[in-house]
Amino acid sequence: MYRDTYVGNLDAEAAGTTVTIAGWAARIRDQGGVAFVDLRDASGLVQVVIAPDEVPELVDVARSLKREYCLKIIGDVRARPPGTENLDLPTGAVEVAARTVEVLSTAQPLPFQLDDSIETDEQVRLQYRYLDLRRDRMSRNLKARSRAVAAIHNNLDAAGFMEVETPTLIKSTPEGARDVLVPSRHRQGHFYALPQSPQLFKQLLMVAGVDRYYQIARCYRDEDFRADRQIEFTQLDLEGSFWGQDEVLATIESVVSDAVAAVRGEGLSLPLSQMTYAEAIDRFGSDKPDLRFGMEIADLSDVFAASEFNAFASVVEGGGVVRAINIGESESSRSHLDGIIERAKELGAKGLVWMVVEQDGTIRSPVAKFLESGEMDAIRQALSGELGDVLLLVADEHRRASHVLGQLRLDHGRPDGHDDLSFLWVTDFPVFEVADDGGLAPAHHPFTAPRSVEELRDSPETAVAKAYDLVVNGVELGSGSVRIHDPAVQQEVFDILGIAPEEAHQRFGWFLEALRYGTPPHAGFAFGIDRLVSVLQNEPNIREVMPFPKTQTGFDPLTSSPSPVTEDQLAELGIELRPDAEESLEAHPAG
RNA sequence: GGGGGCGUGGUGAAGCCAGGAGUUCACGCCGGCCUGUCAAGCCGGAGGUCGCGGGUUCAAAUCCCGUCGUCCCCGCCA
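Just so it is clear, the structure is predicted and the values come from calculations on it, not from any experiment.

What counts and what doesn't
- In this convention, every chain numbers its residues from 1, walking through the sequence in written order.
- Here every chain gets a letter starting at A, and every ligand a number starting at 1, in the order they are written.
- Two thresholds apply to this predicted model, a pLDDT of at least 70 for residue-level local features and 80 or more for giving and counting side-chain atom pairs, whereas whole-chain, interface and lining totals are computed over all residues.
- Derived side-chain values reflect all non-hydrogen atoms in the structure, with water molecules and hydrogen atoms excluded from consideration.
- Counting from the N terminus, the helices are DSSP H or I runs at least four residues long and the strands are E runs at least two residues long.
- Here the term buried applies to any residue with accessible area under 20% of the maximum for its type, exposed to any over 50%, and partly exposed to those in between, with areas from a 1.4 Å probe on protein chains only.
- Pairs of residues are marked as contacts when any of their non-hydrogen atoms sit within 4.5 Å.
- Being near a molecule or strand, for a residue, means having at least one of its heavy atoms within 4 Å of it.
- Under the rule applied, a polar contact is a pair of N or O atoms within 3.5 Å (in protein, one hydrogen donor and one hydrogen acceptor; residues adjacent in sequence only if both atoms are side-chain atoms).
- An automatic or database domain assignment supplies the residue ranges for each domain.
- Here an axis means a line fitted to C-alpha atoms, over the contact stretch when the element is a helix, while the angle between two N-to-C directions is reported on a 0 to 180 degree scale.
- For this scheme, ten residues count as nonpolar: Ala, Val, Leu, Ile, Met, Phe, Trp, Tyr, Cys and Pro. Four count as charged, namely Asp, Glu, Lys and Arg, and the remainder, Gly too, count as polar.
- Expected helix span is taken as 1.5 Å per residue step, with the number of steps being one fewer than the number of residues.

**Student:** What's the story with the overall build of chain A in this structure? I'm lost.
**Tutor:** For chain A, the count of helices and strands is 18 helices and 22 strands. Considering only C-alpha atoms, chain A reaches an extent of 90 × 75 × 55 Å along its principal axes. In chain A, which comprises 591 residues, the share counted as buried stands at 47%. At a minimum sequence separation of 6, the contacts of chain A that also span at least 24 residues come to 67%.

In structure tokens form, the structure reads like this:
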């Protein structure tokens, strides 16, 4: 028997018992005589005492121990001598006096330290992820994730949902993100795609009468990596028949609240607040506003419409707007403010005007000479400007000005280092977004139901979809929609989206066919488990809550994947590498 | 596709702007001392082609060019 208890269970009540415990030597403090070993297992840490005057035969083994040796120890739990208790340790009231110490496995010196005293380069952590995961932080993240997922399963199972698996080798329907492709051996030149989501399959399950479906599904999108994006990630995917938006939101709220409670100990106050897409853009310059702080966007178009400052006045005259935020008391050196202007340009603004509120209520700014005192007053009032506040103004079309200010708002207002959770539904998304070339691009997948087909046909640029996002602390957790269940409507939507009938038939014909067999009205949602857990754990990126993530270029330093394959493997698939791929092989020698 | 930060013994940092012997600090590692420590302490020691390649220079960790890796951001992510 390797153990009869976890070390985390050892408290004052366990004193007087004899236990068998097993784990790793997290730290060793050899006093020359008595030695202390902090033994860590999956439950926590306990101090083991090896005392030569009590058990002389343990002297040699005590001397031989190194960090991260894997040990089995039989010993007596006893209260620590008065004055030596460790209040920082949950098990700090007791210690285990060793009778026997068995080395189950030795360990080489570690490539990095497992305590949190030094922040190790992430590539090294990933290369030795199995050691990194022993660290308290990562161990806690894994546990939190497990608890959240368990809560989700419990909630949906109790609510009558059926867990159904869908294929991970599916038909490629190039749209949206790039597909991850898998070559077929039986049909050379043909490829499977890994699913970007189980979207169409879960809709087929609705046609199939499953009624309430869910799945914790792995999804794959081959786009550039970010702190909150990996090539593969995990979503809770769900769908229900004879359902509408209100029921979906209520279900998701209940699920998320249970997941939050499982990790944080306390659920959410329901229902969550809601805001339309239009309001979110207007007030916060984002479709995923972070409501943990204010700093709302104010509109100054009226002030500048008649002002002497022609650059702004002409923008307003041309149908644009002048919008602004107050980032509060901030460094107002020229170089710092120039940096903000650069950032604004990076975000797509033509320029940015800063203003600093002075002692006498006047405004210091490169454009101050164009402003009358009444105009300065109006600006200060609109932005509640106090002494020392820095105001940032952008003139552009409404959408772009809002977007730029929304980002600057995050740059300067986003809090860090506290535990607040600010959940928000964003509803009434538009069917189309205005692309950079001025054209319309679908904002969602083409199976999203419009609020009305007539509206979509008559004024597509303002048409609203029955689509909704869940946002927490400025992170888009997930999105969902009411789906189209009428094949005629689906056909028409394809048409309005600019997908020709032949094209629609070729890509989605199998799906359109399915809709013709008595499809129930249905709706659903999907949200990112990685993102949710990373927010709940206050982690800055989702890699910290994924056991084996990849680097920004999709590389896994632990296994050195992706890697070249043999000529034979390629030949079986009918694949030959192009010259530029051969060059890439030389540039990235196999690890 | 683009912008920025970083790459220095096993780990983390300083040194780089302003070129002058691989210099420094913390942790770890190895050896010694130490019988109540808990990020133990004290003494001693080992360990580095300054990511790689090229250039400038009498001289390059330091300046320049390229390249690889990594992180953040813009674009992209129906």
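**Student:** How do you make sense of the protein's contact with RNA strand B when you look at a structure like this?
**Tutor:** Residues in contact with RNA strand B amount to 53 residues; listed here are only the nearest, R27, Q113, S117, H444 and H588. Backbone sugar and phosphate groups make up 53% of those atoms of RNA strand B lying within 4 Å of the protein. Within the side chain of N86, an N or O atom sits 3.0 Å from a base oxygen of RNA strand B. R343 places a side-chain nitrogen or oxygen 2.8 Å from a sugar or linking oxygen of RNA strand B.

**Student:** I would appreciate a short explanation of the domain arrangement of chain A in the present structure.
**Tutor:** For interface size, the figure often reported is the accessible area lost on association. Segmenting chain A into domains produces domain 1 (7-105), domain 2 (294-413) and domain 3 (560-591). Each of domain 1 and domain 3 has a C-alpha centre, and the two are 52 Å apart.

**Student:** Teacher, can you tell me more about the packing of helix α7 (residues 277-284) against helix α12 (residues 398-413) here?
**Tutor:** Each pair of packed helices gets described by two things: the angle between the helix axes and the distance between those axes. One can describe the packing of α7 onto α12 by two numbers: an axis separation of 8 Å at closest approach and a directional angle of 65°. Contact residues: I281, D282 and F284 in α7; H398, S402, G406 and R409 in α12. For the contact of α7 with α12, a count of residues per class yields two nonpolar, three polar and two charged.

**Student:** What's the story with unusual backbone geometry in this structure? I'm lost.
**Tutor:** Among all residues except glycine, the phi angle is most often negative; among peptide bonds, the trans geometry is most common. Between L270 and P271 the backbone carries a cis peptide bond, its omega angle lying at 0°. Of note, P271 is situated in the loop between α6 (245-264) and β11 (274-276). The amide bond that connects S561 to the next residue, P562, takes the cis arrangement and shows omega of 0°. Even without being a glycine, S384 presents a positive backbone phi close to 50°. Along the chain, the position of S384 falls in the loop between α11 (373-382) and β16 (389-396). Judged by relative accessible area, which is 52%, S384 ranks as exposed. A positive phi angle is found at D428, which is not glycine, with a value near 55°. Positionally, D428 belongs in the loop between β17 (423-427) and β18 (432-434). Judged by its relative accessible area of 30%, D428 falls in the partly exposed class.

**Student:** Sorry, what's going on with α12 here?
**Tutor:** The α-helix winds at 3.6 residues per turn, so residues separated by three or four positions along the chain end up facing the same way. Helix length check: α12, at 16 residues, gives a terminal C-alpha distance of 21 Å against a target of 22 Å (1.5 Å per residue), a fit within 8%. Taken together, the buried positions of α12 are A401, S402, V404, L405, G406, L408, R409, L410 and G413. Buried residues belonging to α12 abut α7, β13 (321-329), α10 (334-346) and β16.

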